[in-house]
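Descriptive structure summary
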Amino acid sequence: MARTPVPAGKDFAYPGVGGKADVITPASTESRIICPKCSSTSVRVESDRSRVLSYMGGVPMYAKKYVCRKCMYDFRVD
């Protein structure tokens, strides 16, 4: 079976379940987390141990919180 070349920079579709086509988009659509206090993009992710989301096999799964590395402000993005 011969493959046809895909034009660069274009979205393309391939047959999925039920005859529908799944569209694959570029990964550049992701957004960055920005500190609401100082507008820095240097942010690290930590576990928010004050918010337990669920338990998996007796181990708690915590929510995420973000801490700015520049001003040390901690915040959540919901």
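Refer to the structure above for everything that follows.
Please read all numbers here as calculations on a predicted model, not as lab measurements. (Residues numbered from 1 in each chain as written. Predicted model: local features only at pLDDT ≥ 70, side-chain atom pairs only at ≥ 80, totals over all residues. Heavy atoms only, no water.)

1. Thoughts on the overall build of the protein
Counting its regular elements, the protein contains zero helices and five strands. Counting from the amino terminus, helix and strand elements in the protein follow one another as β-β-β-β-β. The burial tally for the protein puts 13% of its 78 residues in the buried class. Put simply, 31% of the contacts in the protein that link residues at least 6 apart link residues at least 24 apart. Within the structure as shown, the protein displays about 6,900 Å² of accessible surface, and the carbon and sulfur contribution to it stands at 53%. (Helix = DSSP H or I, 4+ residues; strand = E, 2+ residues; numbered from the N terminus. Buried < 20%, exposed > 50% of the residue type's maximum accessible area, 1.4 Å probe, protein only. Contact = heavy atoms within 4.5 Å. Areas by Shrake-Rupley, 256 points an atom, 1.4 Å probe, with all protein chains shown as cover.)

2. Some thoughts on the sheet that holds strand 3 (residues 43-56)
Pairing is antiparallel across the open sheet formed by three strands, whose spatial order is 3-4-5. This sheet does not close on itself; its edge strands, each paired only once, are strand 3 and strand 5 (74-75). For strand 3 and strand 4 (residues 59-68), the ladder comprises ten bridges, and the chain directions are antiparallel. Across the sheet, residue Ser47 finds its bridge partner in strand 4, namely Lys64. (Pairing = 2+ DSSP bridges.)

3. Here's the deal with the pairing of strand 4
Adjacent in sequence and paired antiparallel, strand 3 and strand 4 are bridged by two residues, among which Gly57 carries a positive phi angle near 65°. Relative to strand 5, strand 4 runs antiparallel, the two being bridged by two bridges. Looking at the pairing, Tyr66 lines up with Phe75 of strand 5. Two successive antiparallel strands, strand 4 and strand 5, enclose a turn made up of five residues, where Met72 displays a positive phi of approximately 60°.

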